[in-house]
Amino acid sequence: MRRGFTLLEVIVAFFLVCALFGMVYSSFSTGWRRSDKLSFRLQALQAAYLVRTVLAADLASYIPGPAGQEATYDSPSLGFKMVTPEDNAGIEGTSLDEDLKPIAIPVSYEFDKKEHRIYRNNKPLGQMKFAHVAFFHEPYEDGMEKGETVGVHLVIVPEKMLDRADEEKAKRLEVKFTFHCPQTTLARVYDDWAVYTF
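Residues numbered from 1 in each chain as written. Predicted model: local features only at pLDDT ≥ 70, side-chain atom pairs only at ≥ 80, totals over all residues. Heavy atoms only, no water.

### A few points about unusual backbone geometry
Positioned with a positive phi, Asn-121 is a non-glycine residue whose angle comes to about 50 degrees. Topologically, Asn-121 is positioned in the loop between strand S5 (117-120) and strand S6 (123-124). You can call Asn-121 partly exposed: its relative accessible area is 29%. (Helix = DSSP H or I, 4+ residues; strand = E, 2+ residues; numbered from the N terminus. Buried < 20%, exposed > 50% of the residue type's maximum accessible area, 1.4 Å probe, protein only.)

### Re the sheet that holds S6
Spatially, the 5 strands line up as an open sheet ordered S1-S3-S4-S5-S6, and their pairing is antiparallel. Two strands lie at the open edges of the sheet, namely strand S1 (62-63) and S6, each paired on one side alone. Direction of pairing for S1 relative to strand S3 (residues 77-83): antiparallel, over a ladder of 2 bridges. The residue bridging Ile-63 from the neighbouring strand is Lys-81, located in S3. (Pairing = 2+ DSSP bridges.)

### A short note on the environment of Ala-47
Note that Ala-47 resides in helix H1 (residues 7-59). For the pair Ala-47 and Ile-156, spaced 109 residues apart in the sequence, the C-alpha separation amounts to 9.0 Å. When residues no more than four places from it in sequence are discounted, the contact partners of Ala-47 are Met-128 and Phe-130. (Contact = heavy atoms within 4.5 Å.)

### Some points on the environment of Pro-124
When you line up the elements, Pro-124 lands in strand S6. Each C-alpha atom of the pair Pro-124 and Tyr-109 lies 9.6 Å from the other, and the pair is 15 residues apart in sequence.

### Quick notes on the side chain of Ser-75
As for its placement among the helices and strands, Ser-75 is situated in strand S2 (residues 72-75). By relative accessible area, Ser-75 is classed as buried at 15%. With residues up to four places along the chain from it excluded, the contact list for Ser-75 reads Val-133, Ala-134 and Phe-135.

Read these as spatial facts, not as claims about activity.
Next up, the structure:
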């Protein structure tokens, strides 16, 4: 005579299979959440590093403005002039004009609050969107010994949290880069900016 499974055995087997699937789903779900969190942090750090790298490269060729410029804090934009990076732009393959002055080109950084993007000379700087970007510039003044300071404060949240009422509660990455050059004269090459990251 052939014996089948009893109702009790089927119910116990069903609950064991459900418990096993529940544990598997829970572990995969936790892994996906951690993966999303790490993916956001990695993308945010890469975006912050891109901004820092481009700004540092521009500041390496920075030409100081006239004394008496106004300091700017928490501004969505930053503008300055730099020596042209093009080779052979000036006399005898240098970046100097006929009067032996640096050939200057304007550089502008602008944070578009609607698009949540940083633009450098009207071109997007990377693909990441930012919740908030603030530039600051403390220019040289006569009698001031500290030189010039330029910086940027970046706030990055997941893109799906931008423009939402609960944006402040979102996981976020805040980075502040401050570049400082102790001397502000044209006689000094501006590749010795000290960088502070907060």
